[in-house]
Amino acid sequence: AAAMAALLGPAGRFRWRVRAVPGGARGAAGLRGAQLGKKVAVVDYVEPSPRGTRWGLGGTCVNVGCIPKKLMHQAALLGGMIHDASHYGWKVAQPLHDWGKMAEAVQNHVKSLNWGHRVQLQDRKVKYFNFKASFVNPHMVCGVSKGGEETLLSADHIVIATGGRPRYPTHIEGALEYGITSDDIFWLKESPGKTLVVGASYVALECAGFLTGLGLDTTVMIRSVPLRAFDQQMASLVTEHMAVHGTRILRGCTPLRVERLSDGRLQVTWVDLASDKKDTGTFDTVLWAVGRVPETRGLNLEKAGVRTNPNTQKILVDAQEATSVPHIYAIGDVAEGRPELTPTAIMAGRLLAQRLCSRSSDLMDYDNVPTTVFTPLEYGCVGLSEEEAVARHGEERVEVYHAYYKPLEFVVPERDASQCYIKMVCLREPPQLVLGLHFLGPNAGEVTQGFALGIKCGASYQHVMRTVGIHPTCAEEVAKLRISKRSGLDPTVTGCG
Amino acid sequence: MSAAYPRLSSAAREELRRRLLGLIEGHRVVIFSKSYCPHSARVKELFSSLGVDCNILELDQVDDGASVQEVLSEITNQRTVPSIFVNKVHVGGCDRTFQAHQSGVLQKLLQEDPACDYDLIVIGGGSGGLSCAQEAAALGRRVMVLDLVVPSPQGTSWGLGGTCVNVGCIPKKLMHQAALLGQALTDSRKFGWECSQQVKHNWETMTEAIQKHVGSLNRSYQRALREKAVAYVNSYGEFVEHHKIKATDGNGQETYYTAAKFVIATGERPRYLGIQGDKEYCITSDDLFSLPYCPGATLVVGASPVALECAGFLAGLGLEVTVMVSSQLLQGFDQEMAEKVASSMQQLGVRFLRKFVPVEVQQLEKGSPGKLKVVAKSTEGTEMIEGLYNTVLLAIGRDSCTKKIGLEKIGVKVNEKTGKIPVNDVEQSSVPYVYAVGDVVEGQPELMPIAVQAGRLLARRLFGGCLEKCDYINAPTVVFTPLEYGCCGYAEEKAVEVYRKENLEVYHTLFWPLEWTVACRDSNTCYAKIICSKFDNDRVIGFHVLGPKAGEITQGFAAAMKCGLTKQLLDDTIGIHPTCAQVFTTLEITKSSGLDATQKGC
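In this text, all values refer to a predicted model and were calculated from it rather than measured experimentally. In this convention, every chain numbers its residues from 1, walking through the sequence in written order. Think of it this way: whatever chain is written first is A, whatever ligand is written first is 1, and the rest follow in order. Totals for whole chains, interfaces and linings use all residues, but because this is a predicted model, local features are given only for residues with pLDDT of at least 70 and pairs of side-chain atoms are given and counted only at 80 or more. With hydrogens and water stripped out, all remaining heavy atoms of the structure feed into the side-chain values.

### With respect to the overall build of chain B
Alright, step 1. Along its length, chain B carries 19 helices and 26 strands.
Alright, step 2. Taking 25 Å as the expected radius of gyration for a compact globule of 602 residues, we find that chain B reaches 28 Å, a close match to that expectation.
Alright, step 3. Each of the three principal axes of chain B carries a C-alpha extent, and together these read 85 × 60 × 50 Å.
Alright, step 4. For the exposure calls, accessible area comes from a 1.4 Å probe over protein chains only, and a residue counts as buried if that area is under 20% of its type's maximum, exposed if over 50%, partly exposed in between. In chain B, buried positions account for 58% of the 602 residues. Numbering goes from the N terminus for both helices and strands, where a helix is a DSSP run of H or I of at least four residues and a strand is a run of E of at least two. Only the C-alpha atoms count toward the radius of gyration. The rule for a globule is 2.2 Å times the residue count to the power 0.38.

Pasting the structure below:
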């Protein structure tokens, strides 16, 4: 989605000052700028996916990311709750799931958000262009409308916030013709049926998780390690939980080709990398979740002189979010080395707008960004992984406190809690500063947020231990982590207290 | 010399004296020492060569060391350190200790005090009592727990573990969960699950499942006591003289035990109204969670968290519920939040009768449930009303179990009004060897994790040479009403009282959880509020959230408040998207601005 915003000259002569600005999270910088008294325009255009899926204003998060993902995750969780409900006395049999009904409800919500963004732009006097934009020179952008009409826009400051799109493994035969990506899955009108998800990213695991939860036969194919950038002990617990709950996981495999059979189904051939053995399977849908490509190629960045990393195609930025051209900025997923998360993009956009309008000189702090992977058992984390802590401080200087716990809600329906696990990575030396927190269990997102603040405040292990628990919750287990890994004691929580 | 030290007030002196005597009486060996003193070092080496654990207080390393030395010299007539006590006997300084060792007197003194059966007897097997008993046993002490549940007027009784496990947090949260699942069934249809429209709830199935879990917890507590070699006696404990207690079992069999130290952890039980028909026909939270039949149309009397929580889950299970409230809702809590809790319950169909108190309960029909007529009168006028209900649940407060345990025999002071036991900051009562933890303690939040923490730390101080005290500040609390309410720190009105309004900034917003959008639930019900102290760097002194999963959300924020959370830090922290908790990282609207706090868009 090429999104640009123009900043009108202060005198109000129609001298467009264009900024390429973020769409969803992206709008933020533009909105802020307008709120702060500048003249701002947003240029946004969604290139349809190879399957033809298109959507409105708001960017990835709102349309094909966090929002529909969390809602489908919720739909899957509700399936589990219906199962639980019978144990709690509700006379209900496990019902079937109607994909079409869910998809319509989710899509309607997304459309209402698109509308909300449009209204917000209007309210704050941000000019909105549904143009596909590219640079003409460092101060000028050319926007092409759907009908092919061209408009030239210029601005003092330009913000590029075009985000990224899913990568297709085009070297695999049939990948582009028959496969879909996260750009399409949330907009399917009919159930994807038996699905192969290829990839080890959080997107891959989240999609496979909710598809399984909705009752679909789902397989994930992972070439090497899942959730590479995350704590690996946690990552393996996440996949272990998925495997126990019905997702088939093919490790160490990579697809070779996808063919369409005469009945319309897809036959996938893959190879097991260790044994070099080939195998095939038939699926209704193949979903690629093998990474994302930044949307920088259509922007003619070279005409503006904006430099990118040739390997990642992402735009190189400094702490001010400025690119190699001082009045051109890049925020969000398109910027090199930034976490690909909506709230970071929003905050970076907001702070940038404040700096551009000389309201503040605050820089974005990219450390200790909390995040949550919405797999069936949610994984929330903030700060360093255990591996990273050991790499930075050395094994001798790191103390890890951990616990396997059982959520109270699990006992009545006799749910398996083998993967409900928490670990807190601390410096060993008193006062044992907390370096990272990793929480695997229900509502991990809600649990992690407050502790992320604690870490921001410089919480020590003692601080957390002195916090009175809220009984009975899962979060209280964090305040009761007493067993260190080093002690070798059994970290299983028994009873309460 | 002593004139050089700040003089202690007589109250402080008495307090310190009590603490020191507690320390001396509670330990086999106590050494008052200074870390740099070579004589002290020699004595420590002597005991360590004898393989004896000592409790050492380094007077140069504690804040009140000078005062300790002053009071200690009054007790012992010895001004210098080291000063050594063995089994409550003052042996003297370094030289006299070595002499005692040579003559064999020290070894004799070191033998355990044979006068008492136990080092510690804990009265009450709830969360606080058990954590204290287990910790003391883990430190190698002879410990006994006395626990006998006196049946409720309706005849309900239960096993080991106290209120939380049997008739409190645990069954309550599970029934709350059952009610939430009912809501989930409704939501699930919007999310594409083809659930039938009318799903009925079966009370007995739920209660059996919950009681099965409670039973397993009772057994696991018994097992834990056995494993830690704590003597568990299913008897009622009552003091008969100093250091001596009478234990009466369910058959009236009496046995006497003695101990050096006692911990009172008898907790509280629900209060009755004292009106005609209340004990005969009404139930309390002691009965509800194991009620063998569905309570039907229920009147809940009271405005406590327990009252609202029970009313909430009963309504969520599909019952007709009325709450009768005499004055304020959730007294002591933020009143704006309390009213929002109530209005969210009204949305679920709970009926509130404000400013009425029952004056009589009559039984019209027997049965399971039967039919009761409740007559109530207005607290403001002469108006009388009547109502018919299947069940009347009293949740008007709780009384401490301190009346019939012989405290007067040994002189433990009890607040006559509240029945609670006043203690100092180390949980010590007016009788130095008697301590109290949990809900019987005066002036402390009635929370299970606090009792556990207080009990554990008490045992460590008494027997483990640890000095850490229980920290009661900023204890977070959650009310598990259908829409959960979590809070930490000050209520708004309390903050205004302490800090004055002009020194505070209140940030707030309504919010719409993402899961509620598709489920078509109300977009302006959930609410987030923080109270900041303007002249203290905008430090967050009050945190309030009304919404789903408030319990899970509040915990981490409580930890952050322990570390001095400020508004700036909230603003600088990245939200986790999409969650409810993230709303606290983007609070912009102040109450003083008067701007609209309703929520639009994402």
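### Side note on the sheet that holds strand 16 (residues 356-365) of chain B
Residues and elements named next belong to chain B.
Alright, step 1. Any two strands with at least two DSSP-identified bridges between them are counted as paired. Spatially, 3 strands are ordered 16-17-18 in an open sheet, and the strand pairing comes out antiparallel. What marks the edges here is a single partner per strand, and that holds for strand 16 and strand 18 (384-389). The sheet shows a mean angle of 20 degrees between the axes of neighbouring strands, taken without regard to direction.
Alright, step 2. Across 6 bridges, the pairing between strand 17 (residues 371-378) and strand 18 is antiparallel. Counted as the bridge partner of Leu372 is Tyr389 from strand 18. Helix axes use the C-alpha atoms of the stretch in contact, all axes being lines fitted to C-alpha atoms, and the angles between their N-to-C directions lie in the range 0 to 180 degrees.

### Concerning the interface of chain B and chain A
Alright, step 1. Taken together, the 84 residues of chain B in the interface contact 82 residues of chain A.
Alright, step 2. In total, about 7,400 Å² of surface goes out of reach between chain B and chain A, with carbon and sulfur atoms giving 70% of it.
Alright, step 3. Here a salt bridge means any side-chain nitrogen of Lys or Arg lying within 4 Å of a carboxyl oxygen belonging to Asp or Glu. Inspection of the region where chain B meets chain A yields 4 salt bridges.
Alright, step 4. In this structure, Glu414 of chain A and Lys212 of chain B form a salt bridge, with 3.0 Å as the shortest nitrogen-oxygen distance.
Alright, step 5. Here a polar contact means two N or O atoms within 3.5 Å. Within protein one must be a hydrogen donor candidate and the other an acceptor candidate, and residues neighboring in sequence count only if both atoms are side-chain atoms. Counting every contact that joins chain B to chain A gives 23 residue pairs in polar contact (both at pLDDT 80 or more).
Alright, step 6. At 14 residues, the largest contribution of residues to the side of chain B that touches chain A is made by helix 8 (residues 169-190) of chain B.
Alright, step 7. Ten residues, namely Ala, Val, Leu, Ile, Met, Phe, Trp, Tyr, Cys and Pro, are considered nonpolar, four, namely Asp, Glu, Lys and Arg, are considered charged, and the remaining ones, Gly among them, are considered polar. Taken together, the residues of the side of chain B that touches chain A sort by class into 43 nonpolar, 24 polar and 17 charged. Any two residues whose heavy atoms approach within 4.5 Å are treated as being in contact. The term buried area refers to how much accessible surface (probe radius 1.4 Å) is lost by two components on association, counted for both of them together.

### Things to note about helix 15 (residues 448-463) of chain B
Residues and elements named next belong to chain B.
Alright, step 1. The end-to-end C-alpha separation of helix 15 is 23 Å, in line with the 22 Å expected for 16 residues at 1.5 Å each.
Alright, step 2. Among the 16 residues in helix 15, 15 count as buried, and that is most of the element.
Alright, step 3. Taken from the residues just after helix 15, Gly465 is the one with a positive phi, measuring 70 degrees. Take the residue count of a helix, subtract one, and multiply by 1.5 Å to get its expected span.

### Considerations on the packing of aromatic side chains
How two aromatic rings sit relative to each other is given by the distance of their centres and the angle of their planes.
Alright, step 1. Pairing of aromatic side chains requires ring centres within 6.5 Å, counting the rings of Phe and Tyr and the six-membered ring of Trp. Pairs whose planes differ by under 30 degrees are stacked, by over 60 edge-to-face, and all others tilted. What the rule picks out here adds up to 16 aromatic pairs over all chains.
Alright, step 2. Ring geometry for Phe289 of chain B against Phe313 of chain B: centres 6.1 Å apart, planes inclined by 40 degrees, an arrangement best described as tilted. Of this pair, Phe289 of chain B sits in the loop between helix 11 (285-288) and strand 13 (298-301) while Phe313 of chain B sits in helix 12 (residues 305-316), placing them 24 residues apart in sequence. Phe313 of chain B carries the same exposure label as Phe289 of chain B, and that label is buried.
Alright, step 3. Charge-over-ring placement is defined geometrically: NZ (Lys) or CZ (Arg) within 6 Å of the ring centre, and within 35 degrees of the ring normal. Residue placement shows Arg415 of chain A over the ring face of Phe410 of chain A; its charged tip is 5.3 Å from the ring centre.
Alright, step 4. Over the ring of Phe98 of chain B we find Arg42 of chain B; its NZ or CZ atom is 4.4 Å from the centre of that ring.

### A few points about the UniProt feature "domain: Pyridine nucleotide-disulphide oxidoreductase dimerisation" (unreviewed entry) in chain A
Alright, step 1. UniProt positions are given in the numbering used here, feature names are shortened, and annotations may be inferred rather than shown by experiment. The sites that UniProt annotates as "domain: Pyridine nucleotide-disulphide oxidoreductase dimerisation" (unreviewed entry) are residues 369-480 of chain A.
Alright, step 2. For residues 369-480 of chain A, helix accounts for 27% and strand for 26%, while the C-alpha atoms at its two ends are 24 Å apart.

### Focus: the UniProt feature "binding site: FAD" (unreviewed entry) in chain A
Residues and elements named next belong to chain A.
Alright, step 1. As recorded in UniProt, the sites labelled "binding site: FAD" (unreviewed entry) are Lys70 and Asp333.
Alright, step 2. Of note, Lys70 is situated in helix 3 (residues 66-87).
Alright, step 3. Given a relative accessible area of 5%, Lys70 falls into the buried group.
Alright, step 4. One can find Asp333 in the loop between strand 19 (328-330) and helix 10 (342-356).
Alright, step 5. The residues touching Asp333, leaving out its near neighbours within four places in the chain, are Gly163, Gly164, Lys314, Pro339, Glu340 and Leu341.

### Things to note about the pairing of strand 5 (residues 118-123) of chain B
Residue and element names in this part refer to chain B.
Alright, step 1. Of all 6 residues in strand 5, 6 are buried, a share of seventy percent or more.
Alright, step 2. Examined bridge by bridge, strand 5 and strand 10 (residues 254-264) share 5 bridges and lie parallel to one another. Along strand 10, the bridge assignment pairs Leu120 with Lys261.
Alright, step 3. The sheet contact formed by strand 5 and strand 6 (residues 143-146) spans 4 bridges and is parallel. By the bridge assignment for strand 6, Val122 is matched with Val145.
Alright, step 4. Between strand 5 and its parallel partner strand 6, the chain crosses via helix 6 (residues 127-138), and the hand of that crossover is right-handed. Look down the strands so they point away from you; if going from the first strand over the helix to the second traces a clockwise path, that crossover is right-handed.

### Section: the confidence of the model for chain B
Alright, step 1. Confidence of the prediction at every residue is given by pLDDT, a number between 0 and 100. Residues with a pLDDT of 70 or more make up 97% of chain B, whose mean pLDDT is 92.
Alright, step 2. Of the two predicted TM-score estimates for the complex, the pTM is 0.87 and the ipTM is 0.90.

### Looking at the sheet that holds strand 4 (residues 89-92) of chain B
Strand-to-strand pairing in sheets goes through backbone hydrogen bonds, with the strands running parallel or antiparallel.
All names here are of chain B.
Alright, step 1. On the basis of which strands lie adjacent, the open sheet formed by 4 strands has the order 2-1-3-4 and mixed pairing. This sheet does not close on itself; its edge strands, each paired only once, are strand 2 (55-58) and strand 4. Averaged over all pairs of adjacent strands, the angle between strand axes in this sheet comes to 20 degrees, irrespective of strand direction.
Alright, step 2. Here strand 3 (residues 83-86) runs beside strand 4; their pairing, made up of 3 bridges, is antiparallel. Paired with Phe85 across the bridge in strand 4 is His90.
Alright, step 3. Contacts from helix 2 (residues 38-49) reach strand 1 (29-33), strand 2 and strand 3, with the element oriented near 160 degrees to strand 1.
Alright, step 4. Across the sheet, helix 3 (residues 65-76) is in contact with strand 1, strand 2, strand 3 and strand 4; its angle to strand 3 comes to roughly 60 degrees.

### Describing the packing of helix 13 (residues 444-456) of chain A against helix 18 (residues 550-562) of chain B
Alright, step 1. Look at helix 13 of chain A against helix 18 of chain B: their axes get within 6 Å of each other, and the N-to-C directions meet at 5 degrees. With respect to their mutual orientation, helix 13 of chain A and helix 18 of chain B come out roughly parallel. Contact residues: Glu446, Val447, Gln449, Gly450, Phe451, Leu453 and Gly454 of chain A in helix 13 of chain A; Glu552, Ile553, Gln555, Gly556, Phe557, Ala559 and Ala560 of chain B in helix 18 of chain B.
Alright, step 2. The class makeup of the residues in the contact of helix 13 of chain A with helix 18 of chain B is 7 nonpolar, 5 polar and 2 charged. Each angle receives one of four descriptions, namely roughly parallel if under 35 degrees, roughly antiparallel if over 145, roughly perpendicular if within 65 to 115, and oblique otherwise.

### Examining the pairing of strand 14 (residues 321-325) of chain B
Residues and elements named next belong to chain B.
Alright, step 1. Within strand 14, 5 of the 5 residues are buried, which leaves the element mostly enclosed by the surrounding structure.
Alright, step 2. In strand 14, alternate side chains face the same way, and those of Val321, Val323 and Val325 on one face and Thr322 and Met324 on the other are all buried.
Alright, step 3. In this structure, strand 13 lies alongside strand 14, joined through 4 bridges in parallel fashion. Bridging from a neighbouring strand, Val300 pairs with Val323 of strand 14.

### Side note on the UniProt feature "domain: FAD/NAD(P)-binding" (unreviewed entry) in chain B
Alright, step 1. If you check UniProt for "domain: FAD/NAD(P)-binding" (unreviewed entry), the listed places come out as residues 118-455 of chain B in our numbering.
Alright, step 2. Helix makes up 33% of residues 118-455 of chain B and strand 26%, and the two end C-alpha atoms of the span are 18 Å apart.

### Looking at the environment of Pro343 of chain A
Alright, step 1. Relative to the helices and strands, Pro343 of chain A is located in helix 10.
Alright, step 2. Sequence-distant contacts of Pro343 of chain A, defined by excluding residues within four places in its chain, comprise Ile574, Gly575, His577 and Gln582 of chain B.

### Let's talk about the packing of helix 1 (residues 10-26) of chain B against helix 3 of chain B
Residues and elements named next belong to chain B.
Alright, step 1. Viewed as axis vectors pointing N to C, helix 1 and helix 3 meet at an angle of 75 degrees, and their least axial separation amounts to 10 Å. Here helix 1 is positioned roughly perpendicular relative to helix 3, judged by the angle of their axes. Contacts between helix 1 and helix 3 involve Arg13, Leu16, Arg17, Leu20 and Leu21 from the first element and Ser67, Val68, Glu70, Val71, Leu72, Glu74 and Ile75 from the second.
Alright, step 2. A class-by-class count of the residues in the contact of helix 1 with helix 3 yields 7 nonpolar, 1 polar and 4 charged.

### Here's the deal with the confidence of the model for chain A
Alright, step 1. Mean pLDDT for chain A: 90, with 92% of residues reaching 70 or above.
Alright, step 2. Note on residues 1-30 of chain A: pLDDT is under 50 here. Beyond four places in sequence and across chains, it has 141 contacts.

### Some words on the pattern of salt bridges
Charged atoms that come close allow side chains of opposite charge to pair.
Alright, step 1. Applying the stated rule across the entire model yields 51 salt bridges over all chains.
Alright, step 2. Notably, a salt bridge pairs Asp183 of chain A with Arg165 of chain A, separated by 2.7 Å at the nearest N-O pair. Residue Asp183 of chain A is found in helix 6 (residues 182-185), and its partner Arg165 of chain A is found in strand 9 (residues 164-166); the two are separated by 18 residues along the sequence. Each member of the pair Asp183 of chain A and Arg165 of chain A is classed as buried.
Alright, step 3. Taking the shortest distance from any N to any O, the salt bridge between Glu58 of chain B and Lys44 of chain B comes out at 2.8 Å. Taken together, the residues span a long stretch of sequence, with Glu58 of chain B in strand 2 and Lys44 of chain B in helix 2 at a distance of 14 residues.
Alright, step 4. In this structure Glu58 of chain B comes out as buried when scored by relative accessible area, which is 16%.
Alright, step 5. One network of salt bridges, in which partners are shared, links Asp334, Glu336, Glu492, Lys529 and Lys591 of chain B.

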